[in-house]
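Letter by letter, the chains look like this.
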Amino acid sequence: QQTGYQAWLEYHRITPGELVEQYAVYSGIVCTEKDEVIQSAVLELSRGISKMLGKEIGEGRAVIALGTFGGGNELVDRAFGEETRSAVVHEGFAITTDQASGNIVVGASSASGVLYGVFHLLRLFSTHQSVKALDVIENPVNMLRMINQWDNIDGSIERGYAGKSIFFENNRITEDLTRVRDYARLLASSGLNAISINNVNVHQWETKFLTEEYLPDVARVAGVFRSYGIKLFLSVNYASPLEIGGLSTADPLDPAVREWWRVKAAEVYAAIPDFGGFLVKADSENRPGPFTYDRDHADGSNMLAEALKPYGGIVIWRCFVYNCKQDWRDRATDRARAAYDHFKPLDGRFMDNVILQVKNGPMDFQVREPVSPLIGAMETTNQMIEFQITQEYTGQQRHLCYLVPQWKEVLDFETYAKGEGSSIKRIVDGSLHGNRLSGFAAVSNIGNDVNWTGHLLAQANLYGYGRLAWNPELSAEEIAEEWIRMTLGGDEKLVSVVLSMLMHSWSIYEAYTSPLGVGWMVNPDHHYGPNVDGYEYSKWGTYHFADCHGIGVDRTKATGTGYAAQYKGNNYDTYESVENCPDELLLFFHHVPYTHVLHSGQTVIQHIYNTHFEGVERAEQLTAKWASLEGSMGELVHMHVADRLAEQAAHAKEWRDMINTYFFRKSGIEDAMGRKIY
Ligand code: GCW
């Protein structure tokens, strides 16, 4: 049962008709370069086209030619003039249809550009577009387009909801890398170019990845990704010099520690010459870091950066740093403030091969959070954004939640970092502050489930992440529609129904879970399912402060924690004021009475009741919509998603009833519509 294994590389057979005739004119692939990435491109192209046409490519009158500019393929060199060549940057590509011959030509300035170009062409074929007059130039907007695996060497995956690791089992790196290769194909086809393969929480065994016990196997994995233009990174343990180096300290200013890392870097590069660098979670959630030695994050990251610098390697240093041993009685400490408070004062001190990786929001990948005020706030520091594809807090791939619309909102957010026009996307693409290094990272949602992501429709998040990292201007609808056509086929009713399901899913999930931006209300540890006070008296800094009068966190400068003052310009004014604060973030910034009237005209309490009743109805509508698609796709696929949607609808009721009952009991205020509350 290979249901969903090919994901968006399914290449459904194109039924006879105008399109087949158009596509079938191609009699072969002309490629003269032996480079392994270009050979991957050739393989992908012939595999894709023969699957779509149901026969080997052949018997036509035109060819598809591909190669790098000046790489020896005459058809490529003839097809593109100087202007086009200079418009194509390192990983970009150009595609053109030669009118006289009908030949399609894919040209690029690098081998990976050729591969991205081929995947683009395949996307055109598999979404049934005309290829008669192509004239395409595409360049990736972001330099680094990265995936972070949170996989452990024992095969488990932190926050993984789609089975076990495809990389590791039984404390070894997987012997058979076929599946890793197919993952590389999926990542490259969506536009990605970097991966870190192990969890940022680096435990005892994974710390040894830097030793000769594991390095040859890590190099094997790097080789697989290399053939798809993807660079390999490792998450490293900050305390490695202690744990595997036999030193008595990991003090970043200690010469012996610095030397240890230099030697390590040399060994890693000897095994993997194009190694990407280190990803580091330090002084975060009980992981070791420079604080132990009274040093700061700049000291820690620069030490590693210095070791990697001779080889062109980079350090990606995470900013998810906060006090995870907070006393809930302490009302002055605010977790939301932490990243900014820790890192902003260090601006200007990081080496140029350090990138700070900042989560999209100040807390932790909730269904709704404001955008992190740290992004853009450090003018002379490289930054990249971190998203979470794996649905830790958004239904764990048992609920449908298409996250691209959320990411789009974040990327379009105006920070005013340099006045108007300082959107997040312009910060993370490096253009606003002129950074050499920048980009996107995201925590993967895949495992060894046959369909990769557990919930088949959650594949759209992985695909969408890659497409958005390549070009943040694409719309969430465009991306979803591509994914549907490529994965499930082009039946028009199917496309429109699934598109509407995906596009509404985030708002549905938000409706029946935690209200008005306050977040959490989940079961501790595993984070699935409702538990309103689950984190209320915990040490994690995650509170909603509901009492019999009202709810919300006062994060204003005037009377609260002062978090709102981390924003610039209009944003500060908007969030500071209870009148101006957008409804969806009201409880993130303000503590208000249940009778407070929202911009929508409803009171807070009535909003909670309404959205929770409606959320369940809308979740039920998803099951009905999906049911209407029976017969328009493979039976197994249809049944699989139907099962997940049924579970979601039932579980949404659990959310509704817990939340409504909790707030009815706290507030004593009845639902104006008299619906059932327990
Ligand atoms: O969201 C939290 C998760 C942890 C994770 C941490 C992080 C990898 O619950 O499981 O650890 O974030 O991002 O470091």
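Residues numbered from 1 in each chain as written. Predicted model: local features only at pLDDT ≥ 70, side-chain atom pairs only at ≥ 80, totals over all residues. Heavy atoms only, no water.

The protein chain is annotated in an unreviewed UniProt entry as Xylan alpha-1,2-glucuronidase from Paenibacillus silvestris. The annotation that UniProt attaches to the protein chain under Subunit (unreviewed entry) is "Homodimer." Recorded under Catalytic activity (unreviewed entry), the UniProt text for the protein chain is reproduced unchanged: "Hydrolysis of (1->2)-alpha-D-(4-O-methyl)glucuronosyl links in the main chain of hardwood xylans." (UniProt positions renumbered as here; feature names shortened; annotations may be inferred.)

Turning our eyes to something else, we now look at the side chain of Lys 359. Position of Lys 359 among the secondary structure elements: in strand S13 (residues 354-359). Residue classification places Lys 359 among the buried positions, given a relative accessible area of 7%. In terms of polar contacts, Lys 359 uses its side chain to reach the side chain of Asp 364, at 2.8 Å. Setting aside its immediate chain neighbours within four residues, Lys 359 contacts Arg 318, Phe 320, Asp 364, Phe 365, Ser 372, Ile 375 and Glu 386. (Helix = DSSP H or I, 4+ residues; strand = E, 2+ residues; numbered from the N terminus. Buried < 20%, exposed > 50% of the residue type's maximum accessible area, 1.4 Å probe, protein only. Polar contact = N/O pair within 3.5 Å; in protein donor to acceptor, adjacent residues only side chain to side chain. Contact = heavy atoms within 4.5 Å.)

Our next topic: unusual backbone geometry. With a phi close to 50°, Asn 170 is a non-glycine residue in the positive phi region. Looking at where Asn 170 falls in the secondary structure, it is placed in the loop between strand S7 (168-169) and strand S8 (172-173). Using a relative accessible area of 65% as the deciding quantity, one classes Asn 170 as exposed. With phi around 60°, Tyr 416 is a residue other than glycine that occupies positive phi space. Mapped onto the elements of the fold, Tyr 416 is located in the loop between helix H13 (404-412) and helix H14 (424-428).

Attention now goes to the sheet that holds strand S2 (residues 62-68). Taken together, five strands build an open sheet; the order of strands is S1-S2-S4-S3-S5 and the sheet is mixed. Single-partner strands in this sheet number two, and they are strand S1 (26-30) and strand S5 (135-138). Within the sheet, the average angular offset between the axes of one strand and its neighbour, ignoring direction, is 10°. Note that S1 and S2 share four bridges and pair parallel. The residue bridging Tyr 26 from the neighbouring strand is Ala 62, located in S2. (Pairing = 2+ DSSP bridges. Axes fitted to C-alpha atoms, helices over the stretch in contact; angles between N-to-C directions.)

Within the UniProt annotation, "active site" (unreviewed entry) is assigned to Glu 285, Asp 364 and Glu 392. As for its position among the elements, Asp 364 is in the loop between S13 and strand S14 (382-388). Owing to a relative accessible area of 7%, Asp 364 belongs among the buried residues under this scheme. Along the polypeptide, Glu 392 turns up in the loop between S14 and H13. Owing to a relative accessible area of 4%, Glu 392 belongs among the buried residues under this scheme. The contacts of Glu 392, once residues within four sequence positions are left out, are Trp 150, Arg 159, Tyr 161 and His 527. In terms of polar contacts, Glu 392 uses its side chain to reach the side chain of Arg 159, at 3.1 Å.

Here we come to the sheet that holds strand S15 (residues 439-443). Spatially, eight strands are ordered S6-S9-S10-S11-S12-S13-S14-S15 in a closed barrel, and the strand pairing comes out parallel. Each strand of the sheet is rotated relative to its neighbour by a mean of 25°, with strand direction disregarded. Where S13 lies against S14, five bridges are found, and the strand directions are parallel. Bridging from a neighbouring strand, Gln 357 pairs with Met 384 of S14. Taken strand by strand, helix H15 (residues 459-470) contacts strand S6 (144-148), S14 and S15, and its axis lies near 155° from that of S6.

Every one of the 14 residues lining the ligand counts as a neighbour, but Glu 158, Lys 281, Arg 318, Asp 364 and Glu 392 are closest to it. At 2.6 Å from an oxygen atom of the ligand is found a side-chain nitrogen or oxygen belonging to Lys 281. The side chain of Lys 359 places a nitrogen or oxygen atom 2.7 Å from an oxygen atom of the ligand. (Near = heavy atom within 4 Å.)

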